[in-house]
Amino acid sequence: MLNLPGTGTPCISRNYHAVAPGNLREIGRKNAISYYEYTFPCQQYPSHKYRAYSHSYLTTLSLANTASLTIMPASMEYVIFSDLDGTLLDEGYSFSGASKALLELKKHEIPVVLCTSKTRAETLFWREQLGLNTPFIVENGGAILIPHNYFPATYPDAKQDFTTITLGASYERLRLALTHLQLQGIKLKGFGDMSVSEVASLTGLNFHLAFLAKQRQYDEPFIFEGKQSEGITHATTLARQQGLRVEKGGRFYHLLGNNDKGEAVLILKKLYQQQYSNITLVGIGDSENDLSLLSKVYLPFLVQRPNKTYASPDYIHAPGIGPRGWSWVVKQLLDADQAGFPRAPEFG
Ligand SMILES: [Mg+2]
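These numbers were taken from a predicted model, which means no experiment stands behind them.

Colleague: Where do I start with the environment of Pro 323 in this structure?
Modeller: With respect to the element layout, Pro 323 can be found in helix α10 (residues 323-338). Judged by the 22 C-beta atoms lying within 10 Å of it, Pro 323 falls in the buried class. As for Pro 323 and Val 303, which are separated by 20 residues in sequence, their C-alpha atoms are 8.0 Å apart. If we skip the residues at most four places from it in the chain, Pro 323 touches Leu 88, Leu 89, Asp 90, Phe 95, Gly 97 and Ala 98.

The following block contains the structure:
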């Protein structure tokens with residue numbers, strides 16, 4: 001629901017967008033963006049003409065003769081930033097528990113942005129499985145990848161499929177630092193020290209996905225081979241001395257630069273805000289490395305871990321492990337939205 005300035009009366013509903021595309025008249029096309037004209041039935045302005053521009057499946061409408069007002073479909077108001085492992089994917093790497101919720105989101109054209117510790121290669125695999133065409137954040141905020149023409153304001157490298165915004169430390173630097181920790185007597189083993197079959201047996205991934213998981217660029221997952229409680233403090237201190245960080249994910253510890261998921265979310269938030277006048281960010285995660293993501297969104301949800309606990313006492317606790325909790329969040333958003341779910345005041 002949106003209010004036109006000065007009226008205070010809702011003038012647009014979710015249903016509106018469902019009928020709009022067929023009624024739009026194309027008036028021009030530039031840089032792969034189609035421009036449309038559409039007459040919008042509005043109680044206050046019965047025959048106002050609206051000008052729309054559309055790319056991909058996203059549509060923004062604005063009053064043709066009131067340039068300062070942009071109206072977008074209500075269904076674009078949420079942008080969901082979601083972790084993968086333990087959140088959208090269960091322990092066996094299946095998202096079947098969230099399939100219905102994903103279909104609902106597609107129906108309502110609510111974008112899902114993956115925000116994961118997985119590599120670019122792995123995330124491309126899952127993005128295709130999930131049928132997403134949105135930007136995504138890989139290796140704990142190490143890089144943001146934006147598909148061509150997703151945001152008109154981005155200037156993609158024509159040779160690449162995605163514009164990449166790099167925030168992380170190089171993998172070479174991380175491997176050198178990890179070797180330094182090993183030389184200091186900390187018994188740990190990184191993905192770079194493991195064969196594909198070792199990664200497969202530790203993660204439960206098949207060989208193909210384990211191979212993709214080893215294609216690291218900005219984040220090195222590792223395990224302690226000695227006593228974890230002794231190693232973690234020492235490793236964290238030594239990493240900090242080298243300008244790096246140690247973070248805990250669902251299955252592994254991670255050595256990385258000073259990037260985190262939250263920083264990457266803020267950059268995408270700005271890009272979405274440039275595009276859409278009124279968005280509400282939703283975050284869904286399960287582990288400590290998701291807390292920076294959750295701290296940057298208006299509606300932050302934690303799903304249950306397999307032992308039914310939550311990674312933090314803070315944030316909104318979704319009842320349900322992994323994808324079950326994920327589906328619960330989507331149901332709350334869609335149900336509550338019909339009754340007028342509160343929106344982020346700063347974007348209102
Ligand atoms: Mg996770």
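Structure shown, so let's carry the discussion forward.
Colleague: Looking at this model, I keep getting lost on the pairing of strand β15 (residues 280-285). Mind explaining?
Modeller: Two faces, one strand: in a regular strand the side chains alternate between the faces of the sheet. Counting buried positions along β15 yields 6 of 6 residues, so the element is predominantly enclosed. Side-chain alternation along β15 places Thr 280, Val 282 and Ile 284 on one buried face and Leu 281, Gly 283 and Gly 285 on a second face that is also buried. Two elements, strand β6 (residues 78-82) and β15, share 5 bridges in a ladder whose sense is parallel. Each bridged residue has a counterpart across the sheet, and for Ser 82 the counterpart in β15 is Ile 284. As judged from the 4 bridges shared by β15 and strand β16 (residues 299-304), these two strands associate in the parallel manner. Looking at the pairing, Gly 285 lines up with Leu 302 of β16.

Colleague: In this structure, what is going on with the sheet that holds strand β9 (residues 143-147)? I would like to understand it.
Modeller: Two modes of strand pairing occur in sheets, parallel and antiparallel, and in both the strands are linked by backbone hydrogen bonds. Here 8 strands make up an open sheet; going across it, the order is β10-β9-β8-β7-β6-β15-β16-β17 and the pairing mixed. Of all strands in the sheet, those bounded by a partner on one side alone are β10 (162-166) and β17 (316-321). Neighbour-to-neighbour, the strand axes of the sheet open up by a mean angle of 20°, direction not taken into account. Its contacts with the sheet put helix α3 (residues 120-130) on β7 (112-115), β8 (136-138) and β9, and the angle it makes with β8 is roughly 145°.

Colleague: Is there a simple way to explain the nonpolar core in this structure?
Modeller: One finds Val 79, Phe 81, Val 113, Leu 255 and Val 282 to be the most contacted residues of the largest nonpolar core, which totals 64 residues. Structurally, this core is a two-domain feature, drawing no fewer than three residues from each of domain 2 (77-168 + 260-347) and domain 3 (171-256). Dropping the residues within four chain positions of it, Leu 255 is found in contact with Leu 174, Ala 177, Leu 178, Glu 220, Phe 222, Ala 239, Leu 244 and Val 246.

Colleague: Whenever I open this one, the environment of Ala 210 confuses me. Can you help?
Modeller: One can find Ala 210 in helix α6 (residues 207-213). Spatially, the C-alpha atoms of Ala 210 and Phe 191 are 10.0 Å apart, while their sequence positions differ by 19 residues. In contact with Ala 210, not counting residues within four places along its chain, are Val 196, Val 199, Ala 200, Thr 203 and Leu 205.

Colleague: Honestly, unusual backbone geometry in this entry has me stumped. Any pointers?
Modeller: A negative phi angle is the norm for most residues apart from glycine, just as the trans form is the norm for most peptide bonds. With a phi angle near 60°, Tyr 93 is a residue other than glycine that sits in the positive phi range. Looking at where Tyr 93 falls in the secondary structure, it is placed in the loop between β6 and α2 (99-107). A tally of 15 C-beta atoms within 10 Å means that Tyr 93 is categorised as partly exposed. One non-glycine residue, Glu 139, lies in the positive phi region at around 45°. The exposure class of Glu 139 is buried, given the 28 C-beta atoms found within 10 Å.

Colleague: Even after reading the chapter, I still don't get the sheet that holds strand β14 (residues 253-256), so can you show me in this structure?
Modeller: An order of β11-β12-β14-β13 is seen for the 4 strands of this open sheet, with the pairing classed as antiparallel. Of all strands in the sheet, those bounded by a partner on one side alone are β11 (188-190) and β13 (245-248). Within this sheet the neighbouring strands show an average axis-to-axis angle of 35°, counted without direction. Across the face of the sheet, helix α4 (residues 171-183) comes into contact with β11, β12 (219-224) and β14 while running at roughly 20° to β12. Taken strand by strand, helix α7 (residues 228-241) contacts β11, β12, β13 and β14, and its axis lies near 140° from that of β13.

Colleague: Please explain the environment of Asp 260 as it appears in this structure.
Modeller: Assignment of secondary structure puts Asp 260 in the loop between β14 and α8 (261-275). Sequence separation between Asp 260 and Arg 245 is 15 residues; the distance between their C-alpha atoms is 9.7 Å. Excluding its chain neighbours within four sequence positions, the residues that come into contact with Asp 260 are Asn 140, Gly 141 and Ser 292.

Colleague: Any chance you could explain the confidence of the model for the protein chain here in plain terms?
Modeller: Detailed reading of the predicted coordinates is not advisable wherever pLDDT is low. Considering every residue of the protein chain, the mean pLDDT works out to 78; 72% of them sit at 70 or more. Taken together, the stretch residues 1-22 has pLDDT below 50 and engages in 34 contacts with residues farther than four places along the chain or on a different chain. For the stretch residues 338-348, pLDDT sits under 50, and the model shows 12 contacts to residues farther than four places along the chain or on other chains.

Conventions used here
Residues numbered from 1 in each chain as written. Predicted model: local features only at pLDDT ≥ 70, side-chain atom pairs only at ≥ 80, totals over all residues. Helix = DSSP H or I, 4+ residues; strand = E, 2+ residues; numbered from the N terminus. Buried ≥ 20, exposed ≤ 12 C-beta atoms within 10 Å, placed from the backbone. Contact = placed C-beta atoms within 7 Å. Pairing = 2+ DSSP bridges. Axes fitted to C-alpha atoms, helices over the stretch in contact; angles between N-to-C directions. Core = buried A, V, L, I, M, F, W, Y, C linked by C-beta atoms within 7 Å. Domains from an automatic or database assignment. pLDDT = per-residue confidence, 0-100.

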